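One-letter residues, chain by chain:
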Amino acid sequence: MNIKDRLDAAEVGLAAIGSSSPKSARRFAEEFHFAGEMYVNRDLSAYRAFGLPRGVTKTLGLSSLIRGVGTMKEGFRQGPSAGDLWQQGGLFVLGPGEKMVFAHQDRFAGDHADLDKMLEKLID
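Residues numbered from 1 in each chain as written. Predicted model: local features only at pLDDT ≥ 70, side-chain atom pairs only at ≥ 80, totals over all residues. Heavy atoms only, no water.

### What about the nonpolar core?
Next, step 1: Ile 3, Leu 7, Val 12, Val 93, Phe 102, Ala 113, Met 118 and Leu 119 form the largest nonpolar core, which has 8 residues in total.
Next, step 2: Contacts of Val 93, omitting those with residues within four sequence positions, involve Lys 99, Met 100, Val 101, Phe 102, Met 118 and Leu 122. (Core = buried A, V, L, I, M, F, W, Y, C linked by side-chain atoms within 4.5 Å. Buried < 20%, exposed > 50% of the residue type's maximum accessible area, 1.4 Å probe, protein only. Contact = heavy atoms within 4.5 Å.)

Below you can see the structure in the form of structure tokens.
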């Protein structure tokens, strides 16, 4: 949410898609002060449409564990989990028509998009 003002200035809408329940989506939005649209996709069809990887090793593989230890050292603690734990996410910015302005597919748990690179694409 720390880039929401910049997204608003660029007239970019914000939406999240989760694999859990509407109740879990509301809890997420409240806990993280999410100020965008929230959708639930339990059958994972949106994830498949974007070609997002899914699998036990994507969530519990070596890269994920290394990233997890690093974030724990920074003070992060995993809260209760919900939804499909093996499904990885991504960040996509869709432009006018069918234009994909920015795309990032998480290769493993904790492999997040570089928000500065995404914002640079919005300014181009």
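Next comes the rest of the description.
### Examining unusual backbone geometry
Next, step 1: One non-glycine residue, His 33, lies in positive phi territory at about 55 degrees.
Next, step 2: Topologically, His 33 is positioned in the loop between helix H2 (22–31) and strand E2 (37–40).
Next, step 3: Of the residues examined, His 33 reaches a relative accessible area of 63% and is grouped as exposed.
Next, step 4: Its identity is not glycine, yet Leu 44 carries a phi of approximately 65 degrees, on the positive side.
Next, step 5: The topology assignment puts Leu 44 in the loop between E2 and helix H3 (45–49).
Next, step 6: Leu 44 sits in the buried class, given a relative accessible area of 8%. (Helix = DSSP H or I, 4+ residues; strand = E, 2+ residues; numbered from the N terminus.)

### Details of the packing of aromatic side chains
Next, step 1: Counting across every chain of the model gives 3 aromatic pairs.
Next, step 2: Between the aromatic rings of Phe 28 and Phe 32, the centroid separation amounts to 5.0 Å while the plane-to-plane angle is 45 degrees, which identifies the pairing as tilted.
Next, step 3: Since its relative accessible area comes to 37%, Phe 28 is described here as partly exposed.
Next, step 4: A relative accessible area of 46% places Phe 32 in the partly exposed class.
Next, step 5: Of the aromatic side chains, those joined through ring pairs into one cluster are Phe 28, Phe 32 and Phe 34. (Phe/Tyr/Trp six-rings, centres within 6.5 Å; stacked < 30°, edge-to-face > 60°.)

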